[in-house]
Amino acid sequence: MPSVYIKTYGCQMNERDSEAVAAQLVAKGYSLAASEHVADVVLLNTCSVRDNAEQTALNKMTNVISDARKQRPNQIFGFLGCMAQSRGKELIDRLPDVDLVLGTQKFHRAAEYLNDLLGGKRNKVVDTEAEQGSEGTIKEHLLNGAAKDKAVTAFVSIMQGCNQYCTFCIVPYTRGEERSRTIPDIVAECRQLVAQGVKEITLLGQIVTSYGRRRPVTPSLSPSDGERVAKPSEGIVPLKDGKSAFVQLIEAVHEIEGLERIRFTSPHPKGYGDDLVAAYARLPKLVESAHLPVQSGSDRVLKLMHRGYTRARYLEIIRKLRAARPGIGITSDIIVGFPGETEADFEETLSLCREVEFDNAYLFKYSQRKDTPAASMPDQLPEPLIEERHARLLELINTIGKRRYEAFIGRQTQILVEGPSRRNEARMAGRTRCNKIVVFGGSARHRGELLDVKITRVGSFTLYGDPAIVNL
Ligand code: SAH
Ligand code: F3S
């Protein structure tokens, strides 16, 4: 029985794709190896969002290969995902020991190709073609065995691709056009997860607020896959009672008995219509948490980025969300050093952060991506300036975050216990509804339970609960 080790870079979509590939391989008789040193197959599921992420995966593969040459001459190597999609065969030209390059619409073919490679039927495989219906193929989960800790929470992929074409972003090129699964298909997957003990589901996509808005180009799935053939009407969900397709999907998932919490990521601010804000007020399982990537606080930069909203509109959404759900946790993504960003633009980003008071924000130093419009914009900023602005913004985000976390001290809050703390296996960790990690001194039997804990102190973007006051 061949063994496989999968290492994942990048976003939660990539984590989910890797899980689906692992589940597919386990179903085909593969075992999951604990490290690249003992695996027959090493797969790197890659990210292309920034150059850094690509270099890290390339370096990793170079190291794994040079190590294997000495000790494991028959090991198979593959790149999956976004960098595989954007670079294709070039990866094999660069690293000739790589055997497999599998694009973002081809994860479901991993087992077939690996069997061919291991069996000597093929020497190299590069498959980065688009495939109709591939959005419906990320549905297998690993709830037992190696990924047992994840069984309390699960990610469900609801759509693939993005049509927003933000000028800095490579995702529309690596992930392709927006393609949505159907509501019944997604609900069936969620039901099954809940039947297996999952309490919290995160609906995933690159731009989930655009769910169900676009018809697939050709609405059929190749019947040779033995998969269901989609009907022409599938993949597009018309407005119903003024509710967008995405809100209809949340409502349908909300009906599932036994499911306690619903999250989603990533939405786009322009998709935060009043119907979605109202859903927060109406649907108790939809937790009070929102990741709302703002990218910049300057209208001039937002326009150059092709984001489709203004600073004022963004602030209005935040106000409405906080009115609908006081205590909502709000996080964001921000890019520092977009081409042409002036000191005044950057200060608008600082002031927006002060105004919103994010619970946390992920800061990205602008990275030029091949073939994106921003890559050829004038006035690309020098690295030291980007570094300097990044450090200033990071300090502000940390200061605000610390204040917002400290406000929890002394408060009682509900957590869903996910498993042992990553940093200290002897302690347990859970998440508040507003998406903050709480570490406390519980035991394994609390896993999967909703508990009230009292917060006693804070660490870096972590809350600590006093085990003595846990309500049992
Ligand atoms: N909607 C997707 C976006 C993927 S990219 C999601 O949130 O999963 C994630 C974040 O990476 C973006 O929100 C943006 O802040 C950052 N990013 C994207 N392209 C970038 C680039 N060229 N340079 C720096 N950061 C970038
Ligand atoms: Fe990228 Fe913008 Fe879509 S950040 S994933 S093009 S919403």
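Right above here is the structure, for reference.
What comes next concerns the included structure. (Residues numbered from 1 in each chain as written. Chains lettered and ligands numbered in written order. Predicted model: local features only at pLDDT ≥ 70, side-chain atom pairs only at ≥ 80, totals over all residues. Heavy atoms only, no water.)

Remarks on the overall build of the chain
Step number 1: Helix and strand counts for the chain stand at 13 helices and 19 strands.
Step number 2: The globule rule puts the C-alpha radius of gyration for 472 residues at 23 Å, and the 22 Å found for the chain is close to it.
Step number 3: In terms of overall dimensions, the chain has C-alpha extents of about 60 × 60 × 50 Å along its principal axes.
Step number 4: For the chain, with 472 residues in total, the buried portion stands at 56%.
Step number 5: In the chain, once contacts between residues fewer than 6 apart in sequence are set aside, the share between residues at least 24 apart is 72%. (Helix = DSSP H or I, 4+ residues; strand = E, 2+ residues; numbered from the N terminus. Rg over C-alpha atoms; globule rule 2.2 N^0.38 Å. Buried < 20%, exposed > 50% of the residue type's maximum accessible area, 1.4 Å probe, protein only. Contact = heavy atoms within 4.5 Å.)

Examining the packing of helix 12 (residues 343-356) against helix 13 (residues 383-406)
Step number 1: As a packed pair, helix 12 and helix 13 sit with axes 10 Å apart at the nearest point and diverge in direction by 10°. With respect to helix 13, the element helix 12 is oriented roughly parallel. Taken together, the residues of helix 13 that come into contact with helix 12 (itself represented by Glu343, Phe346, Glu347, Thr349, Leu350, Cys353 and Arg354) are Arg389, Arg392, Leu393, Leu396, Ile397 and Ile400.
Step number 2: When grouped by side-chain class, the residues that make up the contact of helix 12 with helix 13 number seven nonpolar, one polar and five charged. (Axes fitted to C-alpha atoms, helices over the stretch in contact; angles between N-to-C directions. Parallel < 35°, antiparallel > 145°, perpendicular 65-115°, else oblique. Nonpolar A, V, L, I, M, F, W, Y, C, P; charged D, E, K, R; others polar.)

Considering helix 1 (residues 12-27)
Step number 1: If you check helix 1, its first and last C-alpha atoms are 22 Å apart, about what 16 residues at 1.5 Å a residue would give, namely 22 Å.
Step number 2: Of all the 16 residues making up helix 1, twelve are buried; the element is thus mostly covered by neighbouring parts of the structure.
Step number 3: Among all positions of helix 1, only Met13, Asn14, Arg16, Asp17, Ser18, Glu19, Ala20, Val21, Ala22, Ala23, Gln24 and Leu25 are buried. (Expected span 1.5 Å × (residues − 1).)

Observations regarding the site of ligand 1
Step number 1: Neighbouring ligand 1 are 14 residues; Gln206, Ser266, Gln295, Asp333 and Ser367 lie closest to it.
Step number 2: A distance of 3.0 Å is found between a nitrogen atom of ligand 1 and a backbone nitrogen or oxygen belonging to Phe168.
Step number 3: Between ligand 1 and Gln295, the relevant distance is 2.7 Å, taken from an oxygen atom to a side-chain nitrogen or oxygen of the residue.
Step number 4: Looking at the shell around ligand 1, its residues break down into six nonpolar, four polar and four charged. (Near = heavy atom within 4 Å. Polar contact = N/O pair within 3.5 Å; in protein donor to acceptor, adjacent residues only side chain to side chain.)

A closer look at the sheet that holds strand 12 (residues 289-291)
Step number 1: With parallel pairing, three strands are arranged side by side in an open sheet as 12-13-14. Single-partner strands in this sheet number two, and they are strand 12 and strand 14 (360-365). Strand-to-strand twist of the sheet, defined as the mean angle between neighbouring strand axes without regard to direction, takes the value 10°.
Step number 2: Relative to strand 13 (residues 329-336), strand 12 runs parallel, the two sharing three bridges. Bridge pairing links Ala290 to Ile330 in strand 13. (Pairing = 2+ DSSP bridges.)

Digging into the site of ligand 2
Step number 1: In the vicinity of ligand 2, the contacting residues are Cys162, Gln164, Tyr165, Cys166, Phe168, Cys169, Val171, Pro172, Ile207, His268 and Arg307.
Step number 2: Among the residues making up the shell around ligand 2, the classes are represented as eight nonpolar, two polar and one charged.

What to know about the environment of Pro2
Step number 1: Along the polypeptide, Pro2 turns up in the segment before strand 1 (3-8).
Step number 2: Owing to a relative accessible area of 25%, Pro2 belongs among the partly exposed residues under this scheme.
Step number 3: With 38 residues separating them along the chain, Pro2 and Asp40 place their C-alpha atoms 5.8 Å apart.
Step number 4: Every residue in contact with Pro2, bar those within four places of it in the chain, is listed here: Gly29, Tyr30, Ser31, Asp40 and Leu118.

Here's the deal with the packing of aromatic side chains
Step number 1: In total, this model carries nine aromatic pairs according to the counting rule given.
Step number 2: With 6.0 Å between their ring centres and 35° between their planes, Tyr309 and Tyr314 make a pair best called tilted. Tyr314 shares its class with Tyr309; the two are buried.
Step number 3: Each ring, one from Phe338 and one from Tyr366, has its centre 5.7 Å from the other, and the planes form 70°; the classification is edge-to-face. (Phe/Tyr/Trp six-rings, centres within 6.5 Å; stacked < 30°, edge-to-face > 60°.)

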